[in-house]
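Structure at a glance
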Amino acid sequence: MSEMTRPPRRAQETASPLSPRDEPPLKLDAFLPYRLNVLAGAVSLALSRIYGVRHGLTVPQRRGFVQIGEARSMTVTAVCH
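Treat the numbers as computed from the prediction; the structure is a model and nothing was measured. (Residues numbered from 1 in each chain as written. Predicted model: local features only at pLDDT ≥ 70, side-chain atom pairs only at ≥ 80, totals over all residues. Heavy atoms only, no water.)

Let's talk about the overall build of the protein chain
Convention followed: Each helix is a run of H or I in the DSSP string that is no shorter than four residues. Each strand is a run of E no shorter than two, and both are numbered from the N terminus. Throughout this description, buried means an accessible area under 20% of the type-specific maximum (1.4 Å probe, protein chains only), exposed means over 50%, and partly exposed covers the range between.
Along the backbone of the protein chain there are 4 helices and 0 strands. When the helices and strands of the protein chain are read in sequence order from the N terminus, they spell out α-α-α-α. Taking all 81 residues of the protein chain together, the buried fraction comes to 5%.

A few points about the side chain of Ser44
Condition: Polar contacts here mean pairs of N or O atoms no more than 3.5 Å apart (in protein, one a potential hydrogen donor and the other a potential acceptor; neighbouring residues in sequence count only if both atoms are side-chain atoms).
Examined against the element boundaries, Ser44 turns out to sit in helix α2 (residues 32-55). Within the structure, Ser44 has its side chain in polar contact with the side chain of Arg62 (distance 3.3 Å).

Some thoughts on α2
The cut-off we apply is this: Take the number of residues in a helix, subtract one, and multiply by 1.5 Å to get its expected span.
Relative to the 34 Å expected for 24 residues at 1.5 Å per residue, α2 spans 33 Å between its end C-alpha atoms, a close match to the ideal helical length. In the segment just after α2, Gly56 is the residue with positive phi, at about 70°.

Notes on the confidence of the model for the protein chain
Heads up, the rule is: What pLDDT conveys is the predictor's confidence in a given residue, as a value from 0 to 100.
Looking at the protein chain as a whole, its pLDDT mean stands at 79, while 75% of the residues score no less than 70. Within the protein chain, the lowest mean pLDDT, 53, falls on helix α1 (residues 11-14), and the highest, 92, falls on α2.

Some details on the environment of Tyr34
So the rule is basically this: Throughout, a residue-residue contact means that at least one pair of heavy atoms, one from each residue, lies within 4.5 Å.
Mapped onto the secondary structure, Tyr34 falls in helix α2. When near neighbours in sequence (up to four residues on either side) are disregarded, Tyr34 contacts Leu28 and Asp29.

Notes on a nonpolar patch on the surface
The criterion, for reference: Here, patches come from residues exposed beyond 30% relative accessible area and free of salt bridges, joined within 9 Å for like charges and within 5 Å for nonpolar side chains (Val, Leu, Ile, Met, Phe, Trp, Tyr). Areas reported here follow the Shrake-Rupley algorithm with a probe of radius 1.4 Å; residue values treat only the protein chains shown as occluding. Salt bridges are identified by distance alone: a Lys or Arg side-chain nitrogen within 4 Å of an Asp or Glu carboxyl oxygen.
Taken together, the side chains of Leu32, Leu36, Leu39, Val43, Leu47, Ile50 and Tyr51 define a hydrophobic patch exposed on the protein surface, amounting to about 600 Å² of accessible area. Counting through the fold element by element, Tyr51 comes out in helix α2.

Here is the structure:
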């Protein structure tokens, strides 16, 4: 079969197989989902300090108020879920 008529190879066929030992280790500090999670935690902690001192709100209470504020109208059952 000539190059012109040969079907293209799939990525699995062209990629060299790596054993688990050959794969580079995961660098957590460079992994975007991890970094976003750390950032979200830091922001939540900072907001907890601000709203905890000013208004005596805990994290779950603050989240409840955010839900109510975004929905404008919500039942108690909906807030609890």
